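Each chain, letter by letter, is given below.
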Amino acid sequence: MEMLTGDEITQAALTDWRKLAQGLHARYLVDDFGTAARFVAAVGEPSDALGHHPTVSIGKGYVDLKLVSLDAIYRDGDTEHVVEWVTQKDVDLARRITQVAADHGLAADPASVSVVELGLDTARSATIAPVWAALLMGDAESQGRGSPSDEIRDATGRVPNMWFGDADEQDGPRQRFHVEVYVPPEVVEQRVAAAVAAGGTVVDDSDAPSLTVIADQDGNTGVVCVA
């Protein structure tokens, strides 16, 4: 299926869900493990009916779900790429899961979802990516998985995705690694303010609220992202 644009995802008005990085994310609050298990079992019915399934994580007091299509079509001019992204089937299943949660009397907590990714600036991503694929995953299959780039992605979600930013080959010593923290739009100002209150400094907010670069007291940077 065609990948959806950001505007199309926003227009879907999925009140319980937030688009972070590649997928849709939701958190539902539960009183105990039994409630969580019954909810997840109930989610199985619409998932099986649509032939599409979420990634599920159960923790103390919550159930986290992620929806992403592994076969979304991204068009770059006349070239098609198969990528991991949100498609209409994710939107359709998200709506069904929202109804299941309502039937079970569960409240959503969309402001609490987040995703962390690793970024490494380099002029030689094709050269160094195999090293990081081997280091992070133990094999080369994760390099370029679900992406037209050299990005490294774990199919099981054990480790954060790692992507490569552009850097000049002649750049001198500087920080090349950074973390990107994806948060819902309604909490981005609070997250930036909390980092500043803890001693951080906003070093680049020219693309805010989509991207805000924060530096710690040693000059190390991280990025608060909305998307």
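For clarity, every value in this text was computed on a predicted model and none was experimentally measured.

Definitions and limits used
- Residues numbered from 1 in each chain as written.
- Predicted model: local features only at pLDDT ≥ 70, side-chain atom pairs only at ≥ 80, totals over all residues.
- Heavy atoms only, no water.
- Core = buried A, V, L, I, M, F, W, Y, C linked by side-chain atoms within 4.5 Å.
- Buried < 20%, exposed > 50% of the residue type's maximum accessible area, 1.4 Å probe, protein only.
- Helix = DSSP H or I, 4+ residues; strand = E, 2+ residues; numbered from the N terminus.
- Contact = heavy atoms within 4.5 Å.
- Salt bridge = Lys/Arg side-chain N within 4 Å of Asp/Glu carboxyl O.
- Pairing = 2+ DSSP bridges.
- Axes fitted to C-alpha atoms, helices over the stretch in contact; angles between N-to-C directions.

Caption draft 1: Spotlight on the nonpolar core. Residues Trp17, Leu24, Tyr28, Phe39, Leu65 and Ile97 are the most contacted members of the largest nonpolar core, which totals 23 residues. When residues of this core are traced back to their parent elements, those giving at least two are β2 (23-29), α2 (33-50), β4 (62-67) and α3 (88-103). By residue number, the principal contributor to this core is α3, which donates six residues. Look past the residues within four positions of Phe39 in its chain and what remains in contact with it is Tyr28, Val63, Leu65, Ile97, Val100, Ala101, His104 and Leu106.

Caption draft 2: Geometry of the pattern of salt bridges. Scanning the model with the defined rule gives nine salt bridges in all. A salt bridge links Arg75 to Glu2, with the shortest nitrogen-to-oxygen separation between them at 2.3 Å. With Arg75 in strand β5 (residues 69-76) and Glu2 in the segment before α1 (6-11), the pair connects residues that are 73 residues apart, well separated along the chain. For Arg75, a relative accessible area of 43% corresponds to the partly exposed category. Between Glu80 and Arg75 there is a salt bridge, and its shortest N-O distance comes to 2.1 Å. Taking relative accessible area as the criterion, Glu80 reaches 49% and is therefore assigned partly exposed. Members of the salt-bridge network, linked through shared partners, are Glu84, Arg145, Glu151 and Arg153.

Caption draft 3: Representation of the sheet that holds strand β12 (residues 211-215) within the structure. With mixed pairing, six strands are arranged side by side in an open sheet as β9-β8-β10-β13-β12-β11. The strands lining the two open edges of the sheet, one partner per strand, are β9 (162-166) and β11 (201-207). If you compare each strand with its neighbour and ignore which way they point, the axes differ by 25° on average. Pairing of strand β8 (residues 115-122) with strand β10 (residues 177-182) involves six bridges; the strand directions are antiparallel. Directly across from Gly119, in β10, lies its bridge partner His178. Along the sheet, helix α4 (residues 125-137) contacts β8, β9 and β10; its crossing angle with β9, the most-contacted strand, is approximately 160°.

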